[in-house]
Structures are given as structure tokens and as C-alpha cells.
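Coordinate inspection notes
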Amino acid sequence: MSDVKLTTRSLVRDFPKAKAAARKGQAVEIVDGKTGEKFLLTAKPTRTFGELAARAKGVYAGPPDLSTREGFGV
């Protein structure tokens, strides 16, 4: 089910490896040795500001003087 398996005890030591695997899209399974609970760690990709700003580029292409735009009763 998961690509990387860790125990809660080794999580602190192997966290950089688990974080890198989750960023690559792999599921990381963390097992608690005392209770037997299993947790899945996955990373949600986030967009950078540059990616978000690229979509907004050219949204407003009207004149810089807002009073000359339609709907202002000029």
C-alpha cells in the first residue's frame, strides 16, 4: 500500500527521507509500535506565487484611469 514504511520511533531520525518521499508522491506509512496504529503521510503540492501570478497576468487590461471605464456614468 505504501512505498516507505517507518515506525514512530524512527520517524524523527528518518523524517528528511520521509518528507522527500512524500514530496515525490509516494505514500509514507508510519506505524506506532505500542498501539499498532498506522498513519499515512502524503504531501499536497502547493503552487508558488509565481505560478499563481502568471494566471492573473493580463486580467485587467483596461485604462489606468478607472473613471473612464464603463459603468461610472461619465
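Quick note: structure is the one above.
Source: prediction; values computed, not measured. Just so you know, the residues in each chain are numbered from 1, in the order the chain's sequence is written. Per-residue local features of the predicted model are confined to residues with pLDDT of at least 70, and side-chain atom pairs are confined, for both listing and counting, to 80 or more; whole-chain, interface and lining totals are unaffected and use all residues. Excluding hydrogens and water, the side-chain figures rest on all heavy atoms present in the structure.

1. What about the nonpolar core?
If you look at soluble globular proteins, the nonpolar side chains tend to sit buried side by side. Put simply, buried Ala, Val, Leu, Ile, Met, Phe, Trp, Tyr and Cys residues joined by side-chain atoms within 4.5 Å make one nonpolar core. A 1.4 Å probe rolled over the protein chains alone gives each residue an accessible area, and that area as a share of the maximum for its type sets the label: buried under 20%, exposed over 50%, partly exposed in between. Val4, Leu6, Ala18, Ala21, Ala22, Val28 and Ile30 form the largest nonpolar core, which has seven residues in total. Elements represented by at least two residues in this core include exactly strand 1 (4–7), helix 1 (8–23) and strand 2 (28–31). Top contributing element to this core by residue count: helix 1, with three residues. Secondary structure is summarised from DSSP: a helix means a run of H or I of at least four residues, a strand means a run of E of at least two, and numbering begins at the N terminus for each.

2. Comments concerning the sheet that holds strand 3 (residues 38–41)
Spatially, three strands are ordered 1-2-3 in an open sheet, and the strand pairing comes out mixed. Looking at which strands have only one partner, the edges of the open sheet turn out to be strand 1 and strand 3. Here the average twist between neighbouring strands, direction ignored, is 25°. Sheet analysis places strand 1 next to strand 2, joined by four bridges and oriented parallel. Looking across to strand 2, one finds that Leu6 is bridged to Ile30. Any two residues having at least one pair of non-hydrogen atoms within 4.5 Å are treated as being in contact. For helices, the fitted line uses only the C-alpha atoms of the stretch in contact; every axis is such a line through C-alpha atoms, and the angle between N-to-C directions lies from 0 to 180 degrees. Of the strands in this sheet, strand 1, strand 2 and strand 3 are in contact with helix 1, which crosses strand 1 at around 155°. Strand pairing follows a simple DSSP-based rule, namely that at least 2 bridges must link the two strands.

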